[in-house]
Amino acid sequence: YIDDTPVQSRHMGFAATNVYPALFDLDRVEVLRGPQGTLFGAGAEGGVVRFLTPQPGLTRNSGYLRSEVSTTRSGDPSYEIGAAAGGPIVDGTLGYRVSASYRRDGGWVDRVGYSQVNPGDPATPLNVLQTSESSANWQDVMTLRAALKWALNDNVAVTPSIYYQKLRINDTAAYWPGLSDPGSTAF
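Residues numbered from 1 in each chain as written. Predicted model: local features only at pLDDT ≥ 70, side-chain atom pairs only at ≥ 80, totals over all residues. Heavy atoms only, no water.

Novice: Can you help me understand the overall build of the chain in this one?
Specialist: Tallying secondary structure elements over the chain gives one helix and ten strands in all. Ordered by position from N to C terminus, the α and β elements of the chain give β-α-β-β-β-β-β-β-β-β-β. Sequence separation of 24 or more characterises 58% of the internal contacts of the chain that already satisfy a separation of 6 or more. In the form shown here, the chain has an accessible surface area of approximately 12400 Å², with 54% of it arising from carbon and sulfur atoms. (Helix = DSSP H or I, 4+ residues; strand = E, 2+ residues; numbered from the N terminus. Contact = heavy atoms within 4.5 Å. Areas by Shrake-Rupley, 256 points an atom, 1.4 Å probe, with all protein chains shown as cover.)

What follows is the structure, encoded as structure tokens:
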């Protein structure tokens, strides 16, 4: 769940992706051991993971900025930047919270072209022709979130929000031992 909204993930084919949303502006994570069907419905027999985002402030301004840079040996650099801000629009009655982030995870697996001398014989060694793309398994993700909080009275508040995430994955992180030398950085 993101706040009170269920998130479902479908994975098709040969993919090694993270099923969790890439939330930048996060208040806390709750892990509720199962079964949780009474509170969260039929899809929660094994439990629930809730990602709770910061609520819009009705009386105080707040902000958050984070950046990160890292490297992978024999791979491309990775980096992230994000910002969040919020505060009252009408003091005590209407508030907002917005956030945006971008993360790039650099690749470390090279895509190669190859041929097999005798394709009918699996024992025939592979002939690597060339590296067609270096560090091909990169991915990037962009997130945007906006929320408003309208306090109707001391006991009732309405908090609509929208969350957008775009994930681009260029290639798989899998490699084939016949084309690789794990002790070397050549392939």
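Novice: Even after reading the chapter, I still don't get the side chain of S101, so can you show me in this structure?
Specialist: Residue position: S101 is located in strand β5 (residues 94-105). On the basis of relative accessibility, which here comes to 10%, the residue S101 falls in the buried class. Reaching out from S101, the side chain makes a polar contact with the side chain of T143 at a distance of 2.5 Å. With sequence-adjacent residues up to four places away left out, S101 is seen in contact with F24, I81, G82, V141, M142 and T143. (Buried < 20%, exposed > 50% of the residue type's maximum accessible area, 1.4 Å probe, protein only. Polar contact = N/O pair within 3.5 Å; in protein donor to acceptor, adjacent residues only side chain to side chain.)

Novice: Would you take a moment to explain the confidence of the model for the chain for this structure?
Specialist: For any part of a model where pLDDT is low, the fine detail of the predicted coordinates should not be relied upon. For the chain, mean pLDDT is 84; residues scoring 70 or higher make up 79% of the total. Within the chain, the lowest mean pLDDT, 69, falls on strand β6 (residues 111-116), and the highest, 97, falls on strand β4 (residues 78-90). (pLDDT = per-residue confidence, 0-100.)

Novice: Where do I start with the environment of T59 in this structure?
Specialist: Examined against the element boundaries, T59 turns out to sit in the loop between β2 (47-52) and β3 (62-70). The exposure class assigned to T59 is exposed, which follows from its relative accessible area of 60%. Along the primary structure T59 and T93 are separated by 34 residues, whereas in three dimensions their C-alpha atoms are 8.6 Å apart. Not counting the four nearest positions on each side in its chain, T59 is found in contact with P88, D91 and G92.

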